[in-house]
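Structural description and commentary
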2 protein chains.
Amino acid sequence: MFHIGILVFPMVQQLDLTGPFEVFSTWPEARVDLVWKTTEPLVSSTGLWLRPTIAFEDAPRFDIICVPGGRGVDPLLLDDEVLDFLRAQALAAKFVTSVCTGSLVLGAAGLLRGRRAACHWLSLPLLAAFGARPSSRRIERDGKFITAGGVTSGIDFGLQLAALVAGRAEARRIQLMIQYDPRPPFRSGTPRQAGRAVTNAIVRRQKAFQAQRAALVARAAARLPAPA
Amino acid sequence: MFHIGILVFPMVQQLDLTGPFEVFSTWPEARVDLVWKTTEPLVSSTGLWLRPTIAFEDAPRFDIICVPGGRGVDPLLLDDEVLDFLRAQALAAKFVTSVCTGSLVLGAAGLLRGRRAACHWLSLPLLAAFGARPSSRRIERDGKFITAGGVTSGIDFGLQLAALVAGRAEARRIQLMIQYDPRPPFRSGTPRQAGRAVTNAIVRRQKAFQAQRAALVARAAARLPAPA
């Protein structure tokens with residue numbers, strides 16, 4: 001049995017979590033837990049209720065730990081209980097992973113120093129503050145650290161990880177079971193594809209939020225010990 | 001405000017629901033509710049806890065009604081409370097939709113007679129019992145009925161529907177926000193892509209379940225009034 005722990009938290013972007021959750025859960029040999037400080041229900045950034053299945057204090061050493069992203073990432077950047085939990089899990093885990101802006105939390109835990117890491121395109125440059133090397137790849141692997149880009153990349157990530165731990169044949173069965181033959185209606189999944197007008201509309205909409213996040217990242221980065 | 005109701009039920013395939021949920025919720029003009037008999041929490045087919053946000057008796061006339069699929073579809077095929085609710089919603093809704101095996105429930109409600117409809121590939125042939133015309137397209141539209149194929153097709157479906165109701169520009173912004181530039185690691189998302197060995201492995205694994213489902217579909221189809 002392969003035990004996978006996905007961090008869940010208030011204001012998580014639920015699809016960052018539910019995509020890989022479904023991929024992993026379709027593998028008969030995997031057990032997937034949603035882990036948080038308590039098992040009280042909480043609400044995602046888009047209003048979906050989620051319930052953690054295990055609390056930090058009861059969590060085993062997971063084989064894979066995965067941190068999804070979302071608006072709720074911001075308070076985690078300065079939350080020692082969360083960062084300590086991730087550092088402890090990262091020591092034993094076979095893979096330390098993230099989807100979307102979850103990589104900022106791994107960065108704030110000091111786990112990405114010198115490593116290539118992916119992130120949601122809007123927040124990708126912020127990774128550098130944690131000593132990581134921002135990568136615009138959809139899925140970036142650096143040793144046992146696997147980080148994925150924004151939101152829907154979690155499905156591609158889940159399948160790649162399934163191939164690593166369960167083998168190609170099982171990953172192909174999972175892909176067929178979830179009928180993953182994607183047909184995006186537009187070429188608009190990256191800033192380059194979307195073009196300037198669409199991209200700028202989002203950048204403008206998110207401007208205040210991103211400024212706030214950048215300030216938090218700077219504070220979180222300042223708390224990390226200096227590089228050896 | 002565009003009001004979208006997604007049916008939620010015990011043993012729903014959560015990604016059928018959470019994919020379009022995230023797409024719709026990313027559109028500022030949409031309100032998305034999870035609707036069920038009661039608002040008691042329930043558990044998805046892969047163990048994710050979900051909480052309905054509104055009960056049938058409190059539900060408005062939704063602009064869009066969407067039925068996801070999953071193992072839990074089976075008892076719904078003979079459940080008059082559910083079928084009556086869907087028939088009533090379908091009268092007023094601008095779009096009546098489904099993801100994955102959710103189309104079987106629309107079929108059991110008598111809503112797909114003579115219409116082209118998509119479904120998860122494993123259950124697609126069963127749609128014919130309800131007088132529907134099974135379509136292996138990833139997204140099938142027939143008038144105000146839009147049905148999507150298995151699981152992950154819900155994301156493509158959500159974006160196409162967003163384009164219909166919110167316009168292409170908004171749909172492209174949503175696609176960029178969820179960074180939907182899919183990169184499946186394998187060509188294994190349809191039986192044709194996956195090939196015989198991978199497909200047969202799933203068919204074998206699901207054989208007993210599919211036989212049971214076929215029997216239920218036959219019973220549900222027998223309850224529908226004869227075509228006029």
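Scroll up for the structure.
Residues numbered from 1 in each chain as written. Chains lettered and ligands numbered in written order. Predicted model: local features only at pLDDT ≥ 70, side-chain atom pairs only at ≥ 80, totals over all residues. Heavy atoms only, no water.

1. Points about the sheet that holds strand E6 (residues 64–67) of chain B
Residues and elements named next belong to chain B.
- Pairing within the open sheet is mixed, and its seven strands lie in the order E5-E2-E1-E6-E7-E11-E10. Single-partner strands in this sheet number two, and they are strand E5 (54–55) and strand E10 (139–142).
- Examined bridge by bridge, E10 and strand E11 (residues 145–148) share four bridges and lie antiparallel to one another. Its bridge partner lying in E11, Ile139 is registered against Ala148.
- Sheet contacts for helix H1 (residues 14–25): strand E1 (2–7) and strand E2 (30–36); angle to E2, the most-contacted strand, approximately 150 degrees. (Pairing = 2+ DSSP bridges. Helix = DSSP H or I, 4+ residues; strand = E, 2+ residues; numbered from the N terminus. Contact = heavy atoms within 4.5 Å. Axes fitted to C-alpha atoms, helices over the stretch in contact; angles between N-to-C directions.)

2. A word on the relation of the copies chain B and chain A
- In screw terms, the move from chain B to chain A is a rotation of 180 degrees and a rise of 0.0 Å along the axis, fitting with an RMSD of 0.0 Å. Such a turn and shift between the copies fits a two-fold axis.
- Same-surface contact between copies: 98% of interface residues of chain B are shared with the interface of chain A. (Least-squares fit on C-alpha atoms with pLDDT ≥ 70 in both.)

3. A short note on the side chain of Ser135 of chain B
Residue and element names in this part refer to chain B.
- Checked against the element boundaries, Ser135 lands in the loop between strand E9 (133–134) and E10.
- Among the polar contacts listed, one links the side chain of Ser135 to the backbone nitrogen of Arg137, at a separation of 3.1 Å.
- Not counting the four nearest positions on each side in its chain, Ser135 is found in contact with Ala117, Ala118, Cys119, Leu124 and Glu140. (Polar contact = N/O pair within 3.5 Å; in protein donor to acceptor, adjacent residues only side chain to side chain.)

4. Things to note about the interface of chain B and chain A
- The interface is formed by 62 residues belonging to chain B together with 62 residues belonging to chain A.
- Between the two partners, chain B and chain A, sit two salt bridges.
- A salt bridge links Arg205 of chain A to Glu170 of chain B, with the shortest nitrogen-to-oxygen separation between them at 3.3 Å.
- Taken together, the connections running from chain B to chain A amount to 41 residue pairs in polar contact (both at pLDDT 80 or more).
- Of all elements in the fold, only H1, strand E4 (49–50), helix H5 (153–166), helix H6 (168–177) and helix H7 (191–205) of chain B reach the threshold of two or more residues within the side of chain B that touches chain A.
- Split by residue class, the side of chain B that touches chain A holds 29 nonpolar, 21 polar and twelve charged. (Salt bridge = Lys/Arg side-chain N within 4 Å of Asp/Glu carboxyl O. Nonpolar A, V, L, I, M, F, W, Y, C, P; charged D, E, K, R; others polar.)

5. Things to note about the pattern of salt bridges
- What the rule picks out here adds up to 30 salt bridges over all chains.
- Several salt bridges converge on common partners, so that one network encompasses Arg115, Arg116, Arg137, Glu140 and Asp142 of chain A.

6. Examining the packing of helix H7 (residues 191–205) of chain A against H6 of chain B
- Packing of H7 of chain A against H6 of chain B brings their axes to within 9 Å, and their N-to-C directions diverge by 90 degrees. One finds that H7 of chain A runs roughly perpendicular with respect to H6 of chain B. Along its contact with H7 of chain A, which presents Pro191, Gln193, Ala194, Val198, Thr199, Ala201, Ile202 and Arg205 of chain A, the element H6 of chain B presents Glu170, Arg172, Arg173, Leu176 and Met177 of chain B.
- In terms of residue class, the contact of H7 of chain A with H6 of chain B is made up of seven nonpolar, two polar and four charged. (Parallel < 35°, antiparallel > 145°, perpendicular 65-115°, else oblique.)

7. Quick look at unusual backbone geometry
- A positive phi angle is found at Met11 of chain A, which is not glycine, with a value near 70 degrees.
- Within the secondary structure, Met11 of chain A sits in the loop between strand E1 (2–7) and helix H1 (14–25).

8. Focus on the packing of H1 of chain A against helix H5 (residues 153–166) of chain A
All names here are of chain A.
- At a closest axis distance of 7 Å, the pairing of H1 and H5 adopts a crossing angle of 30 degrees. Judged by the inter-axis angle, H1 sits roughly parallel to H5. Classified by chirality, the crossing of H5 by H1 is right-handed. Across from Gly19, Pro20, Val23 and Phe24 in H1, the residues of H5 making contact are Gly154, Ile155, Phe157, Gly158, Leu159 and Leu161. (Left-handed = near helix turned anticlockwise from the far one by under 90°.)

9. Focus on the sheet that holds strand E11 (residues 145–148) of chain A
All names here are of chain A.
- If you trace the seven strands from one edge of the open sheet to the other, you get E5-E2-E1-E6-E7-E11-E10, paired in mixed fashion. Since the sheet does not close on itself, it has two edges, and those belong to strand E5 (54–55) and strand E10 (139–142), each with one partner.
- Pairing of E1 with strand E2 (residues 30–36) involves six bridges; the strand directions are parallel. Paired with His3 across the bridge in E2 is Arg31.
- Seen against the sheet, helix H3 (residues 80–92) touches E1, E2, strand E6 (64–67) and strand E7 (95–98) and runs at an angle of roughly 150 degrees to E6.

10. A closer look at the packing of aromatic side chains
- Taken as a whole and judged by the stated rule, the model has ten aromatic pairs over all chains.
- Look at Phe2 of chain B and Trp27 of chain B: their rings are 5.9 Å apart centre to centre, the planes differ by 50 degrees, and that puts the pair in the tilted class. Placement of the pair is Phe2 of chain B in strand E1 and Trp27 of chain B in the loop between H1 and E2, with a sequence separation of 25 residues. Comparing Phe2 of chain B with Trp27 of chain B shows no difference in burial state: the two are buried.
- Consider the rings of Phe24 of chain B and Phe157 of chain B, whose centres lie 6.3 Å apart with planes at 80 degrees: the pair is edge-to-face. Of the two residues, Phe24 of chain B is situated in helix H1 and Phe157 of chain B in helix H5; the sequence distance between them amounts to 133 residues.
- Residue Phe157 of chain B is classed as buried on the basis of its relative accessible area of 1%.
- Members of the aromatic cluster, joined through ring pairs, are Phe9, Trp36, Phe56 and Phe85 of chain A.
- Above the ring of Phe209 of chain B, the side-chain terminus of Arg71 of chain B is found at 3.9 Å from the ring centroid. (Phe/Tyr/Trp six-rings, centres within 6.5 Å; stacked < 30°, edge-to-face > 60°. Buried < 20%, exposed > 50% of the residue type's maximum accessible area, 1.4 Å probe, protein only. Lys NZ or Arg CZ within 6 Å of the ring centre and 35° of its normal.)

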